[in-house]
Amino acid sequence: MNFQKEEFSQILKNICDSYGSINKMANKSGITASYVSKLIRLLYDSPPSPEILKKIADNSNNITNYNNLMYICGYLNNKRLDKNNYSTNFNFILYNKLDKTGQDKVNNYIEDLVNTKKYNKKNK
């Protein structure tokens, strides 16, 4: 994984600015303001979990999306993933209904998919 924590911090700052404060953003996202603050201040060497990234993306006021955060945090190896890509057309309503084990399996499948030679050749 290649966690680009400076870039992640900047995106998080922009999201918080759009809410007017870290507290408002954190409350809306369902994560603690303390955790958000520490991420912004680059105090973690490890990225947030995909579940936390989903909460941030869903409440980002269209500043970013889940796939972008997954890439920046090192969970995906191909930044070319976007809303038009078949691997990102996964229905996140169903994803959110899965338990943690199911979500982990989906995340691992997507990661394996983007790491395949066939996929990378197709998207060059």
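These remarks concern the structure in this document.

## Here's the deal with the environment of Pro-48
Positionally, Pro-48 belongs in the loop between α3 (33–40) and α4 (50–58). When residues no more than four places from it in sequence are discounted, the contact partners of Pro-48 are Phe-3, Phe-8, Tyr-35, Leu-39, Leu-53, Cys-73 and Tyr-75.

## As for the pattern of salt bridges
All told, the structure shown has two salt bridges when counted by the stated rule. The salt bridge partner of Lys-5 is Asp-45, with a shortest N-O separation of 2.7 Å. You can see Lys-5 sitting in helix α1 (residues 5–19) and its partner Asp-45 sitting in the loop between α3 and α4, a full 40 residues away along the chain. In this structure, Asp-58 and Lys-54 form a salt bridge, with 2.7 Å as the shortest nitrogen-oxygen distance. Here Lys-54 and Asp-58 lie together in helix α4, a separation of four residues that amounts to about one turn. A relative accessible area of 47% means that Asp-58 is categorised as partly exposed. In this structure Lys-54 comes out as buried when scored by relative accessible area, which is 9%.

## Let's talk about the side chain of Ser-29
Mapped onto the fold, Ser-29 is located in helix α2 (residues 22–29). Classification of Ser-29 as buried rests on a relative accessible area of 4%.

## Considerations on the packing of α1 against α3
Angle between the axes and distance between the axes: these two values describe a pair of packed helices. Contact pair α1 / α3: the axes reach a minimum separation of 8 Å and the direction vectors enclose 135 degrees. By the criterion of interaxial angle, the relationship of α1 to α3 is oblique. For the pair α1 and α3, the contacting residues are Phe-8, Ser-9, Leu-12, Lys-13 and Cys-16 in the first and Val-36, Leu-39 and Ile-40 in the second. Its residues assigned to classes, the contact of α1 with α3 shows six nonpolar, one polar and one charged.

## Section: the nonpolar core
Counting residues in hydrophobic clusters, the biggest one holds 26 residues, and the most contacted among them are Phe-8, Leu-12, Met-25, Val-36, Leu-53, Ile-56 and Leu-69. Elements supplying a minimum of two residues to this core: α1, α2, α3, α4, α5 (66–72) and α7 (100–114). If you tally residues by element for this core, the top one is α1, at six residues. Discounting residues that sit within four places of it in the chain, Val-36 has contacts with Leu-12, Cys-16, Ile-22, Met-25, Ala-26 and Ile-31.

## Structural notes on α2
Within α2 the residues assigned to the buried category are Met-25, Ala-26 and Ser-29. Along the long axis of α2, the arc covered by the buried residues comes to 95 degrees, so they all point the same way. Residues Lys-24, Asn-27 and Lys-28 are exposed on α2 and point more than 90 degrees away from its buried face. In this structure, the buried residues of α2 make contact with α1, α3 and α4. Directly after α2, the chain includes Gly-30, whose backbone phi takes a positive value near 80 degrees.

## Some points on the side chain of Ser-9
Along the chain, Ser-9 falls in helix α1. A distance of 2.6 Å separates a polar atom in the side chain of Ser-9 from the backbone oxygen of Ile-40. Not counting residues up to four positions away in its chain, the partners in contact with Ser-9 are Leu-39, Ile-40 and Leu-42.

Cut-offs and rules
- Residues numbered from 1 in each chain as written.
- Predicted model: local features only at pLDDT ≥ 70, side-chain atom pairs only at ≥ 80, totals over all residues.
- Heavy atoms only, no water.
- Helix = DSSP H or I, 4+ residues; strand = E, 2+ residues; numbered from the N terminus.
- Contact = heavy atoms within 4.5 Å.
- Salt bridge = Lys/Arg side-chain N within 4 Å of Asp/Glu carboxyl O.
- Buried < 20%, exposed > 50% of the residue type's maximum accessible area, 1.4 Å probe, protein only.
- Axes fitted to C-alpha atoms, helices over the stretch in contact; angles between N-to-C directions.
- Parallel < 35°, antiparallel > 145°, perpendicular 65-115°, else oblique.
- Nonpolar A, V, L, I, M, F, W, Y, C, P; charged D, E, K, R; others polar.
- Core = buried A, V, L, I, M, F, W, Y, C linked by side-chain atoms within 4.5 Å.
- Arc of directions from axis to C-beta.
- Polar contact = N/O pair within 3.5 Å; in protein donor to acceptor, adjacent residues only side chain to side chain.

So, to be careful, I would describe these as geometric facts and stop short of saying anything about function.
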